[in-house]
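A look at the structure
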Amino acid sequence: MNVMHAMVANGSDPLSPKRTVPAMRPLTIDLYRLEYALAARDACEHYLDLENGDIRAVFPGEAPPGADEKYDVQHDRYLHIEPLGLPQSIAMREAFLFTQHDPNAHAALSAALRGRKPLRTFDFKLEDFPEVRQAWLDYQAVQLREYAISWLHDNGLEPSRR
């Protein structure tokens, strides 16, 4: 399992009287699950539990995590993971195409991105080019990892140096 240890703000540093610096506590996050949540094109919503690092999927019709709590309500415990939007997903694929030198694959995949249901069509057309498909999977993995780390930073979570 690929996990990332992140640090979460948990109060202030008692040793620094001049400036208040949030103390960080470790939080282990499964990066593959975070990447999946960021790339998800399914109907469920994903949330990061800031208490234990779990990533929870909530299906349509289900209450968000913590909504059913009666006593120990912690509004800041769950962080919604917003998946990549359609423009971001298309931009990632377009950037990938600039790395490819197969003119047939480039033409077919570019046309797929300009057509109806661009992501599904792109994935379908990749099946015609096995080497390009593998290159896409490798490229996507790197991009999603970078996006996941950026998402952590944007949400005040800092990857540890482990």
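Residues numbered from 1 in each chain as written. Predicted model: local features only at pLDDT ≥ 70, side-chain atom pairs only at ≥ 80, totals over all residues. Heavy atoms only, no water.

A few words now on unusual backbone geometry. For residues besides glycine, phi is generally negative; the peptide bonds are generally trans as well. Of note, K117 is a non-glycine position whose phi angle comes to about 50°, a positive value. Secondary-structure assignment places K117 in the loop between α3 (103-114) and α4 (118-126). (Helix = DSSP H or I, 4+ residues; strand = E, 2+ residues; numbered from the N terminus.)

As a further point, take the pattern of salt bridges. When their charged atoms lie close together, side chains carrying opposite charge are able to pair. Counted by the stated rule, this structure contains 6 salt bridges. E35 is the partner of R145 in a salt bridge, and the nearest nitrogen-oxygen pair spans 2.4 Å. Linking R145 in helix α5 (residues 130-154) with E35 in helix α1 (residues 31-39), this pair joins segments that are 110 residues apart in sequence. In this structure R145 comes out as partly exposed when scored by relative accessible area, which is 25%. Among the salt bridges present, the one from D49 reaches R77, with a minimum N-O distance of 2.8 Å. Highlighted residues: D49 in strand β3 (residues 45-49) and R77 in the loop between β4 (55-58) and β5 (78-81), separated in sequence by 28 residues. D49 sits in the buried class, given a relative accessible area of 0%. Judged by its relative accessible area of 17%, R77 is buried. Residues joined in a network through salt bridges with shared partners are D49, E51, R56 and R77. (Salt bridge = Lys/Arg side-chain N within 4 Å of Asp/Glu carboxyl O. Buried < 20%, exposed > 50% of the residue type's maximum accessible area, 1.4 Å probe, protein only.)

A separate point is the packing of α1 against α5. The N-to-C vectors of α1 and α5 enclose an angle of 95°; their axes lie 9 Å apart at closest approach. By the angle between their axes, α1 is roughly perpendicular relative to α5. Of α5, the residues touching α1 (which contributes L31, Y32, L34, E35, L38 and A39) are L144, R145, Y147, A148, W151 and L152. Grouping the amino acids of the contact of α1 with α5 by side-chain chemistry returns 10 nonpolar, no polar and 2 charged. (Axes fitted to C-alpha atoms, helices over the stretch in contact; angles between N-to-C directions. Parallel < 35°, antiparallel > 145°, perpendicular 65-115°, else oblique. Contact = heavy atoms within 4.5 Å. Nonpolar A, V, L, I, M, F, W, Y, C, P; charged D, E, K, R; others polar.)

Moving on, we come to the packing of α3 against α4. Interaxial distance between α3 and α4 falls to 7 Å at its minimum, and their mutual angle equals 160°. Relative to α4, the element α3 is oriented roughly antiparallel. Note that α3 runs across α4; the crossing there is right-handed. Residues A108, L109, A112 and L113 of α3 pack against P118, T121, F122, K125 and L126 of α4. Residues that form the contact of α3 with α4 fall into these classes: 7 nonpolar, 1 polar and 1 charged. (Left-handed = near helix turned anticlockwise from the far one by under 90°.)

Among the 5 residues in β3, 4 count as buried, and that is most of the element. Taken together, the 4 bridges between β3 and β4 define a ladder with antiparallel strand orientation. Bridge assignment links E45 to a residue of β4, and that residue is V58. Once β3 ends, the chain turns through 5 residues before running back antiparallel as β4, passing G53 with a positive phi of about 85°. Note that β3 and β5 share 4 bridges and pair antiparallel. For Y47, the partnering residue across the bridge sits in β5 and is H80. (Pairing = 2+ DSSP bridges.)

This brings us to the side chain of R93. Among the structural elements, R93 can be located in helix α2 (residues 86-97). No salt bridge is formed by the buried R93; the nearest opposite charge belongs to D123, separated by 4.2 Å. Apart from residues lying up to four places away in sequence, R93 is in contact with R41, L113, L119, F122, D123, W136 and Q140. (Lys, Arg positive; Asp, Glu negative; His and termini not counted.)

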